[in-house]
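Commentary on secondary and tertiary structure
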Amino acid sequence: MQYLVSMSNPSTLDAIATLPEPVGGRFPDGAGGGFGGQYVAETLMPAIGELELAWRTARADVSYWAEVDALLADYVGRPSRLYHAARLSADVGCAVYLKREDLNHTGAHKINNCIGQAVLARRMGKTRLIAETGAGQHGVATATVAALFGLPCEIYMGAEDVVRQALNVERMRMLGAQVHAVTSGTRTLKDAMNEALRDWVTNVGDTFYLIGSVAGPHPYPWLVRDLQSVIGRETRVQILAATGRLPDALVACVGGGSNAAGLFAPFVADASVQLVGVEAAGDGVATGRHAATLGAGRVAVLHGSKSYVLVTDDGQIAHAHSISAGLDYPGVGPEHASWMATGRARYIARTDDEALAAVERLARTEGILCALETAHAIAALDEVAEQVGRAGVVIVGLSGRGDKDMVTLAQRRAAAGQGQP
Ligand SMILES: *Cc1c(COP(=O)(O)O)cnc(C)c1O
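Residues numbered from 1 in each chain as written. Predicted model: local features only at pLDDT ≥ 70, side-chain atom pairs only at ≥ 80, totals over all residues. Heavy atoms only, no water.

**Notes on the pattern of salt bridges**
Just so we agree on the cut-off: Each reported salt bridge corresponds to a side-chain nitrogen of Lys or Arg within 4 Å of a carboxyl oxygen of Asp or Glu. A run of DSSP states H or I qualifies as a helix once it reaches four residues; a run of E qualifies as a strand once it reaches two. Both are numbered from the N-terminal end. Here the term buried applies to any residue with accessible area under 20% of the maximum for its type, exposed to any over 50%, and partly exposed to those in between, with areas from a 1.4 Å probe on protein chains only.
Taken as a whole and judged by the stated rule, the model has 30 salt bridges. Its salt-bridge partner being D61, residue R123 comes within 2.8 Å of it at the nearest N-O pair. With R123 in helix α5 (residues 110-123) and D61 in the loop between α2 (45-59) and α3 (62-76), this residue pair connects regions lying 62 residues apart in the sequence. You can call R123 partly exposed: its relative accessible area is 35%. Note that R100 and D102 form a salt bridge whose closest N and O atoms lie 2.9 Å from each other. What makes D102 buried here is its relative accessible area of 4%. Sharing partners across several salt bridges, the network here consists of R59, R225, D226 and E335.

**Details of the nonpolar core**
Rules: Grouping buried Ala, Val, Leu, Ile, Met, Phe, Trp, Tyr and Cys residues that are joined through side-chain atoms within 4.5 Å yields what is termed a nonpolar core. Contacts are assigned to residue pairs with any non-hydrogen atoms lying within 4.5 Å of each other.
Grouped together as the largest cluster of nonpolar side chains are 91 residues, with contacts concentrated most on W55, Y64, I115, L120, W200 and Y209. Take this core: its biggest share by element is 7 residues, from α5. With sequence-adjacent residues up to four places away left out, I115 is seen in contact with V68, L71, L72, Y75, V76, V145 and L148. With 40 residues, the next largest nonpolar core counts V92, A318, A379 and A385 among its residues.

**As for the packing of aromatic side chains**
What counts is decided by this rule: Each Phe, Tyr or Trp ring, with Trp reduced to its six-membered ring, pairs with another whose centre is within 6.5 Å; inter-plane angles below 30 degrees give stacked pairs, above 60 give edge-to-face pairs, and intermediate values give tilted ones. Each ring is checked for a lysine NZ or an arginine CZ that lies within 6 Å of its centre and within 35 degrees of its normal; such an atom marks a charge sitting over the ring.
Tallied over the entire structure, the rule returns 9 aromatic pairs. With 4.9 Å between their ring centres and 75° between their planes, Y64 and W65 make a pair best called edge-to-face. Each ring, one from W200 and one from Y209, has its centre 6.0 Å from the other, and the planes form 65°; the classification is edge-to-face. Directly above the ring of F267 sits R236, whose terminal nitrogen or CZ lies 5.3 Å from the centroid.

**Here we look at the site of the ligand**
The cut-off we apply is this: Residue proximity to a molecule or strand is established when one non-hydrogen atom of the residue lies within 4 Å of it. Here a polar contact is taken to be a pair of N or O atoms separated by no more than 3.5 Å, where protein atoms must pair a possible hydrogen donor with a possible acceptor and residues adjacent in sequence count only if both atoms sit in side chains. In this description, accessible areas are obtained by the Shrake-Rupley approach with a 1.4 Å probe, and a residue is regarded as covered only by the protein chains that are shown. Here the term charged refers only to Asp, Glu, Lys and Arg, the term nonpolar to Ala, Val, Leu, Ile, Met, Phe, Trp, Tyr, Cys and Pro, and the term polar to all other amino acids, Gly among them.
Inspection of the region around the ligand gives 16 residues, with K110, S213, G255, G257 and S258 positioned closest. At 2.9 Å, a side-chain N or O of H109 approaches an oxygen atom of the ligand. Separating an oxygen atom of the ligand from a side-chain N or O atom of N259 is a distance of 2.8 Å. The fraction of the free accessible surface of the ligand (380 Å²) that becomes covered by protein chains is 97%. Within the shell around the ligand, the residues separate by chemical class into 3 nonpolar, 11 polar and 2 charged.

**Remarks on empty space enclosed by the protein**
Selection criterion: Using only the protein atoms, space was sampled on a 1 Å grid; points where a 1.4 Å probe fits but cannot get out form cavities, open sets with protein on both sides within 12 Å along at least five of seven lines form pockets, and lining residues are those with an atom within 4 Å of a point. Grid points are joined across faces, edges and corners, and a volume is the space filled by probe spheres set on the points.
Tallied over the entire structure, the rule returns 3 cavities of 30 Å³ or more. Here the largest cavity defines a volume of roughly 50 Å³. Surrounding the largest cavity, A215, G216, L302, S305, S307, Y308, V309, Y329, G331 and V332 form its lining. The dominant element in the lining of the largest cavity, judged by the number of residues it contributes, is strand β12 (residues 305-309), at 4 residues. Of the residues belonging to the lining of the largest cavity, the class tally is 6 nonpolar, 4 polar and no charged.

**A closer look at the packing of helix α6 (residues 137-149) against helix α8 (residues 166-174)**
Going by this rule: Note on definitions: angles span 0 to 180 degrees between N-to-C directions of axes, and those axes are lines fitted to C-alpha atoms, for helices only across the stretch in contact. Any angle that is under 35 degrees is reported as roughly parallel, and any over 145 degrees as roughly antiparallel; angles of 65 to 115 degrees are reported as roughly perpendicular and all others as oblique.
Between α6 and α8, the shortest axis-to-axis distance is 9 Å and the interhelical angle comes to 10°. The orientation of α6 with respect to α8, classified from their angle, is roughly parallel. Of the residues in α8, those touching α6 at Q137, G139, V140 and A143 are N168, R171 and M172. Of the residues contributing to the contact of α6 with α8, the split by class is 3 nonpolar, 3 polar and 1 charged.

**Focus: the sheet that holds strand β4 (residues 95-100)**
Rules: Pairs of strands are assigned from DSSP output, requiring at least two bridges between the strands.
Read from one edge of the open sheet, 6 strands run β3-β4-β14-β9-β10-β13, paired in mixed fashion. Single-partner strands in this sheet number two, and they are β3 (82-84) and β13 (345-351). With direction set aside, neighbouring strand axes in the sheet form an average angle of 25°. Sheet analysis places strand β9 (residues 249-253) next to strand β10 (residues 274-282), joined by 5 bridges and oriented parallel. Pairing of V251 across the sheet is with V276, part of β10.

**Topic: the environment of Y308**
Relative to the helices and strands, Y308 resides in strand β12. Between the C-alpha atoms of Y308 and A296, which are 12 residues apart in sequence, the distance is 8.7 Å. Filtering out sequence-adjacent residues up to four positions away, Y308 remains in contact with F35, T293, L294, G297, R298, V299, P330, G331, V332, A337 and M340.

**Observations regarding the side chain of R78**
Along the chain, the position of R78 falls in the loop between α3 and β3. Within polar-contact distance, the side chain of R78 engages the side chain of E101 at 2.7 Å. Looking at R78, its side chain comes within polar contact range of the side chain of N112, at 2.9 Å. Excluding residues within four positions of it along the chain, R78 makes contact with L72, A73, K99, E101, N104, N112, V230, I231 and E234.

**What about unusual backbone geometry?**
In this structure, the amide linkage connecting R78 to the following residue, P79, adopts the cis form with an omega of 0°. The backbone phi angle of R187 is positive, close to 60°, even though this residue is not glycine. Mapped onto the elements of the fold, R187 is located in the loop between β7 (178-182) and α9 (189-202). Here R187 falls in the partly exposed class, since its relative accessible area comes to 34%. Despite not being glycine, H303 shows a phi value in the positive range, around 50°.

Laid out in structure tokens, this is it:
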């Protein structure tokens, strides 16, 4: 154990220390104002201050990372593989590597963040976990770590989503979590997040609010990015070992933006590496039924931070739409807004139909059934390959596995006349 700690942790600590801290809780917007911040009720300020201090301390503490790294290795199964997808590469026309977050325990990247926040909660002496969830994936990951740590757990989920995602609700209950169906507003993720914030205000003494993406008030976008940066930190070592050089481009899907931020962050200082985020264009951005927040949103405040938000003509938060429930969020993490504003990353969007075709393409070329969220990144590969050329190297963040989407996929295939009789 001593050996493990001394081998793995100084390097985690050193790598984390190179990632930038948002100055005054804000990421640069290129104009001096900044994205992020802490737009919350006065009553929540002490809790946020306590969390910020706890995070700054833990982040610089080798024993915090020793605990996180050990759980990521033994419980989650890290490091996740970086796989050279040879048949997909040939099909696309450049070298494609897949960072296999789908192989993690619980089937996606979300567990990385939940482990880190649960260890933090325990260090802070918190005895109760709460979380919001849309599709239920973050709820399941939170319920998983709550069971692992023996902590009571309550999950807020829009009433609409409770019906749509019945299987994940059952998973959370099996894991011992209590699921609250939120009936306010549009009865979806944004309302669940409001309700979770309300619970936190009321129970700040013993409760830790475990946010699921790089959203929410500072310090959440910062701490979730740091915890998910394990994806990019591993990728960097793995691609150098495999090819002897840095990749030409990184591609990842963007809902709230945590898997993309985690993959991108350790490469931001490498100007030669293109960063490409892929949002959900739903039925097409022109139809208004989409979740392309960076592509078609406006700068506004949502859930305690300033970033891009989908709004209606009369200034209300718009209803996001995507076939993939995990991308169906009308906001996006403030650091992505910053990367877009400063030109460091670019953001494109792919439709439901393009994502469906990409699921099938990956399944048929590589024998990997990816999540519908992930498929948006796969669907961007042709465009990125064209830019990097035949000798180029592209890495895709394979954020999750597709088991959870089989019902949706089967329905779509049946409707398209592709299903088996
Ligand atoms: C939740 C989820 C996403 C979207 O969340 P981000 O915070 O944008 O990463 C993407 N892929 C999968 C598999 C998910 O479960």
